[in-house]
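Observations on the three-dimensional arrangement
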Amino acid sequence: MDQNMNNNKANANTNYGTNIRALFAQMDNILIRGQLSYYDFLYMGFDELKKMSVHERNLLKHIKLNPFKTEFEPEPDQRFFFRMLEAKVNSDESVLLLSVALPYPRQRAEVSKSKGFIEGSSWYYDYHTILRARMNQILVMFSEIGRDAVKESGCFVDTSDYIDRELAFLCGLGNYGKNQMLIHPDLGTQFHIGHLYIILEERMDPLLSKMESEIELDGRRLYSGCQNCDKCVKACPAEICGTIQMNRLECISYLTQTKKTLTFEEMKMMRNKLYGCDICQNVCPTNLTQNKSGVNSLNIDHWQLNDFEGIELLETLKLSQSAFKRQYGDRGFAWRGVKVFKRNALIAMGNSGDNIFYEKLKMFSELKEDDFLKSYYEYALRETKPD
Ligand code: SF4
Ligand code: SF4
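Below, the structure is looked at part by part. (Residues numbered from 1 in each chain as written. Chains lettered and ligands numbered in written order. Predicted model: local features only at pLDDT ≥ 70, side-chain atom pairs only at ≥ 80, totals over all residues. Heavy atoms only, no water.)

Here's the deal with the packing of aromatic side chains
Applying the stated criterion across every chain yields a total of 17 aromatic pairs. Consider the rings of F81 and Y197, whose centres lie 6.3 Å apart with planes at 70°: the pair is edge-to-face. Note that F81 is positioned in helix α5 (residues 81–88) and Y197 in strand β7 (residues 191–200), a separation of 116 residues in sequence. The buried category is assigned to F81, whose relative accessible area is 1%. Seen in terms of ring centroids, F169 and Y176 are 5.3 Å apart; in terms of plane orientation they differ by 50°. Their pairing is tilted. No difference in accessibility class separates F169 from Y176, as the two residues are buried. Within the aromatic cluster, the residues linked to one another by ring pairs are W123, Y275, F324, Y328, F333 and F341. Positioned above the aromatic ring of W123, the side-chain terminus of R331 is 4.6 Å from the ring centre. When the ring centre of Y376 is taken as origin, the NZ or CZ atom of R343, which lies over that ring, is 5.7 Å away. (Phe/Tyr/Trp six-rings, centres within 6.5 Å; stacked < 30°, edge-to-face > 60°. Helix = DSSP H or I, 4+ residues; strand = E, 2+ residues; numbered from the N terminus. Buried < 20%, exposed > 50% of the residue type's maximum accessible area, 1.4 Å probe, protein only. Lys NZ or Arg CZ within 6 Å of the ring centre and 35° of its normal.)

Side note on the pattern of salt bridges
One pass over the full model with this rule turns up 14 salt bridges. Where K339 meets D370, a salt bridge forms, and the shortest distance between an N and an O atom there is 2.5 Å. In this pair, K339 is assigned in helix α18 (residues 337–352) and D370 in the loop between α19 (356–361) and α20 (374–384), connecting sequence segments 31 residues apart. According to the relative accessible area criterion, K339 is partly exposed, its value standing at 38%. Accessibility expressed as a relative area gives 16% for D370, which makes it buried. (Salt bridge = Lys/Arg side-chain N within 4 Å of Asp/Glu carboxyl O.)

What to know about the site of ligand 1
In the vicinity of ligand 1, the residues found are G177, K178, N179, I183, C226, C229, K231, C232, C284 and P285. Class assignment for the residues of the shell around ligand 1 results in six nonpolar, two polar and two charged. (Near = heavy atom within 4 Å. Nonpolar A, V, L, I, M, F, W, Y, C, P; charged D, E, K, R; others polar.)

Side note on the sheet that holds strand β2 (residues 94–103)
The strand order across the open sheet formed by four strands is β1-β2-β7-β4, and the pairing between neighbours is antiparallel. Single-partner strands in this sheet number two, and they are β1 (38–45) and β4 (150–156). Between one strand axis and the next, the sheet turns through 15° on average, direction left out of account. Of the pairings in the sheet, the one linking β4 to β7 comprises six bridges and is antiparallel in character. Among the inter-strand pairings, E152 is bridged to a residue of β7, identified as I199. The strands touched by helix α4 (residues 46–64) within the sheet are β1 and β2, with β1 carrying the most contacts at an inclination of about 110°. Packed on one face of the sheet, helix α7 (residues 127–146) meets β2, β4 and β7 and runs near 25° to β7. (Pairing = 2+ DSSP bridges. Axes fitted to C-alpha atoms, helices over the stretch in contact; angles between N-to-C directions. Contact = heavy atoms within 4.5 Å.)

Section: the packing of helix α17 (residues 321–328) against α18
The interhelical angle for the contact between α17 and α18, taken along N-to-C directions, is 90°, at an axis separation of 9 Å. Looking at the two axes, α17 sits roughly perpendicular to α18. Residues Q321, F324 and Y328 of α17 form the contact with α18, whose own contacting residues are G337, V338 and F341. Grouping the constituent residues of the contact of α17 with α18 by class yields four nonpolar, two polar and no charged. (Parallel < 35°, antiparallel > 145°, perpendicular 65-115°, else oblique.)

Considerations on the nonpolar core
Grouped together as the largest cluster of nonpolar side chains are 44 residues, with contacts concentrated most on I118, F341, L346, M349 and L361. Among the elements that line this core, the one with the most residues is α18, at seven residues. Both domains that furnish three or more residues to this core are identified here as domain 1 (3–226) and domain 2 (234–384). When residues no more than four places from it in sequence are discounted, the contact partners of M349 are L313, L314, L317, D354, F357, L361, A380 and T384. (Core = buried A, V, L, I, M, F, W, Y, C linked by side-chain atoms within 4.5 Å. Domains from an automatic or database assignment.)

Structure follows, in structure tokens:
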């Protein structure tokens, strides 16, 4: 836990009513019991909330001008989180916003190029489900302790209405790296983010000092270890790390998810990736030294799956939508559905250049009739055809 956090706690413990004080005093305990050991928070009065709204409006204007917006991001004017809170909170109330980190294990398996690869961040059980369940459990505990002081509470993870990474930054969970990921001092970049908010029917004083310095756009801080490091910049196949405005439309992780028509160069860049790309995270020194206590929180049932051995590419072509759901429905990558999975498998087969696929692919000639898959089927045949 960082110094800021301790300062915040010291302040938090001295100025509130009984219920709020009890809530703050037990925060660590509750979050650890709820299996969320890594968190940081903002505690905002009415005036601070207004400041955050201004920050949010400026940030969203900035995002609106970004030419590299993907189809997975909602329009900026649909993403007002602090404005939503502002509308709910009275001048004699306050808001506790908690940002929590759920670490995930690295995908360490070596997989041959004739098998498909799924990154650790998506191979394991769907973190949305895990995080939501744990956060809901925590909200129940908070409500019991805060009793009359809690007016309203809620949690969200990746709902897209909010800019989760930015909220986590504002809460102090980490700083931005050159790979645009948030870097937590203990966990590196390999964690999923969730948020809880609690509207409290009490106002605190003094306000947390942390609020004063970190809400300017220019205050977006680079992780200090990036100053003398270019590992992600050099490793990124798309050459987009380290740029001020990352071109996410060329990011391999995005390419494995989008349904837009992929170019030859994009397909080549995807190699054997069926979902995600963590190259810029895997080379990052902050992950190579991933905190040992972080590993403890990974050793829980939710993550315990058999070692990843790669996906048999031809097998994916046999999957119906229902078989895909049965086999992978609880995994992080399943939301994109079987068609995109098959598309990526065809590209991976093509990229392997392995002649062994050629004759076998002919058994799936029905793919020639599939509007979405036919060009990728032809690509796989062309690239694996013996000379
Ligand atoms: S690899 Fe180096 S430059 Fe890139 S995010 Fe990590 S520390 Fe920063
Ligand atoms: S995920 Fe892959 S393509 Fe995207 S920035 Fe990182 S290394 Fe580059």
